[in-house]
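# Structure at a glance
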Amino acid sequence: MSDPPRPTPTSPASPSPASPVPTIDLTRWRTGDADTRRSIAEAVDTGLRAAGFLLVTGHGIDQELRTRIRRTARTFFTLPATAKQPYATEVGGRGWLGPGAEANGAAEGTTTPPDLKESLSFASEEPTGVPSVDAEWFLPNIWPHQVPALRTDVQDLLTALRALSDQLLELLATALGAAPDRFTRHTTHPTWGFNINWYPGTQTVGEALPGQFRIGPHTDFGTVTVLDRQYGKGGLQIWTDPAHGGTGWQDAPYVPGSLTVNIGDLMAHWTDGRWRSGRHRVLPPPPDAPTEELMSLVYFYECDPGTRVGDLPDSHTYLRGQLDAINTQGTS
């Protein structure tokens with residue numbers, strides 16, 4: 001599957017004047033002098049206070065690996081529903097989230113039609129040795145036999161994304177003036193989720209209902225989310241609050257090869273609200289490009305089960321409640 005046409009890239013040095021999302025070069029962060037690192041930390045703080053989003057370059061995540069995963073996953077998604085049904089799961093599980101399985105707007109308490117997407121969903125699986133924790137958060141992943149190459153490639157990507165997420169948490173801690181391990185001391189055996197989201201055109205999902213999106217408006221639930229997305233007219237939008245100088249909904253900036261990073265609810269609580277959990281949505285297939293097809297690779301990083309995060313006594317009690325809220329198929 002080839003990428004759709006891309007816009008002129010945003011400068012890697014700074015966001016466009018209209019965008020509250022800074023572009024952060026991790027190579028410069030790792031190798032820069034004190035002044036360079038201070039400038040980057042200040043840009044991170046400003047961006048997360050305004051919108052909860054960053055664009056990240058210099059991340060080292062292999063582009064060809066990401067391309068292979070998309071190609072292999074598309075082979076699965078385009079199978080007949082009867083072939084995918086044995087892998088069906090609910091939100092928070094492992095396997096295939098079929099059409100209508102999820103309604104992200106419900107996490108905000110909004111009644112919305114189901115999201116116009118399908119997903120292959122994976123999550124943390126290496127046991128902790130605590131039976132009650134493992135039974136809820138560390139279960140084996142499900143790998144479709146029709147696409148055997150997917151397992152090795154996804155596992156390689158997950159290893160890289162875990163390391164990158166910890167690097168990002170160290171950067172965030174530094175941006176707050178805290179010790180670099182302020183957050184990573186709580187990611188020794190963390191939970192995480194990984195979705196391959198397929199956004200087909202109207203020929204597959206039909207015309208969008210009123211208030212229906214590829215993904216409805218919401219914030220993510222964890223610490224940081226790392227998103228590898230494709231540019232499209234029916235793509236990602238971010239929210240900045242007009243009551244705090246924002247402009248409402250706007251298209252997310254895009255830099256080819258970059259990753260989009262946003263913080264979730266746990267990080268917002270961890271910073272006592274200094275940083276905003278990045279509110280966002282994915283538009284439905286656009287009327288002037290109804291056959292547009294996009295695919296996103298999304299890594300949701302969290303923390304060790306039971307971590308006290310800000311005013312939340314238990315991080316994972318909160319996470320479970322939010323996952324249940326967006327599940328259209330009952331309580332998981």
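Note that the structure is a prediction, hence the values are computed from the model and not measured.

Rules of the game
- Residues numbered from 1 in each chain as written.
- Predicted model: local features only at pLDDT ≥ 70, side-chain atom pairs only at ≥ 80, totals over all residues.
- Heavy atoms only, no water.
- Helix = DSSP H or I, 4+ residues; strand = E, 2+ residues; numbered from the N terminus.
- Buried < 20%, exposed > 50% of the residue type's maximum accessible area, 1.4 Å probe, protein only.
- Contact = heavy atoms within 4.5 Å.
- Polar contact = N/O pair within 3.5 Å; in protein donor to acceptor, adjacent residues only side chain to side chain.
- Pairing = 2+ DSSP bridges.
- Axes fitted to C-alpha atoms, helices over the stretch in contact; angles between N-to-C directions.
- pLDDT = per-residue confidence, 0-100.
- 1 Å grid on protein atoms, 1.4 Å probe; cavity = no way out; pocket = protein on both sides within 12 Å on 5 of 7 lines; lining within 4 Å.
- Points joined across faces, edges and corners; volume = space filled by probe spheres on them.
- Nonpolar A, V, L, I, M, F, W, Y, C, P; charged D, E, K, R; others polar.

### Brief notes about the environment of Glu 292
When you line up the elements, Glu 292 lands in the loop between strand 11 (280-282) and strand 12 (294-301). What makes Glu 292 buried here is its relative accessible area of 11%. Distance from Glu 292 to Tyr 199, taken between C-alpha atoms, is 8.2 Å for residues 93 residues apart in sequence. Apart from the residues lying within four places of it in its own chain, the contact partners of Glu 292 are Tyr 199, Pro 200, Gly 201, Arg 214, Gly 232, Lys 233, Gly 234 and Pro 286. Polar contacts involving the side chain of Glu 292 include one to the main-chain amide nitrogen of Gly 234, which spans 2.9 Å.

### Examining the sheet that holds strand 11
Pairing within the open sheet is antiparallel, and its four strands lie in the order 6-11-8-9. Of all the strands in the sheet, the pair left with one neighbour each is strand 6 (215-218) and strand 9 (248-251). Neighbour-to-neighbour, the strand axes of this sheet turn through a mean angle of 20°, independent of strand direction. Relative to strand 11, strand 8 (residues 236-240) runs antiparallel, the two being bridged by three bridges. Within the sheet, the bridge partner assigned to Leu 236 lies in strand 11 and is Val 282.

### Describing the confidence of the model for the protein chain
Per-residue confidence for the protein chain gives a mean pLDDT of 92, with 93% of residues at or over 70. For residues 1-17, every residue scores under 50 in pLDDT, and the model assigns this stretch 27 contacts once sequence neighbours within four places are set aside.

### Some words on empty space enclosed by the protein
Following the criterion strictly, the structure yields two cavities of 30 Å³ or more and no others. Put simply, the largest cavity is a space of about 680 Å³. Surrounding the largest cavity, 50 residues form its lining, Glu 102, Asn 195, Asp 220, Val 298 and Phe 300 being those nearest its centre. Of all the elements in the fold, those that place two or more residues in the lining of the largest cavity are strand 4 (118-123), helix 5 (131-137), strand 5 (192-199), strand 6, strand 7 (224-228), strand 11, strand 12 and helix 9 (315-326). Residues of the lining of the largest cavity, tallied by class, amount to 23 nonpolar, 18 polar and nine charged. Of the voids in this model, the second largest cavity is the one considered here, and its volume is about 40 Å³. Looking at the second largest cavity, the residues that line it are Ile 61, Arg 66, Leu 157, Leu 161, Val 226, Leu 227, Asp 228, Leu 259 and Leu 297. Going through the elements one at a time, helix 6 (149-175) and strand 7 are the ones with two or more residues in the lining of the second largest cavity. Here the lining of the second largest cavity gets three residues from one element, more than from any other, and that element is strand 7.

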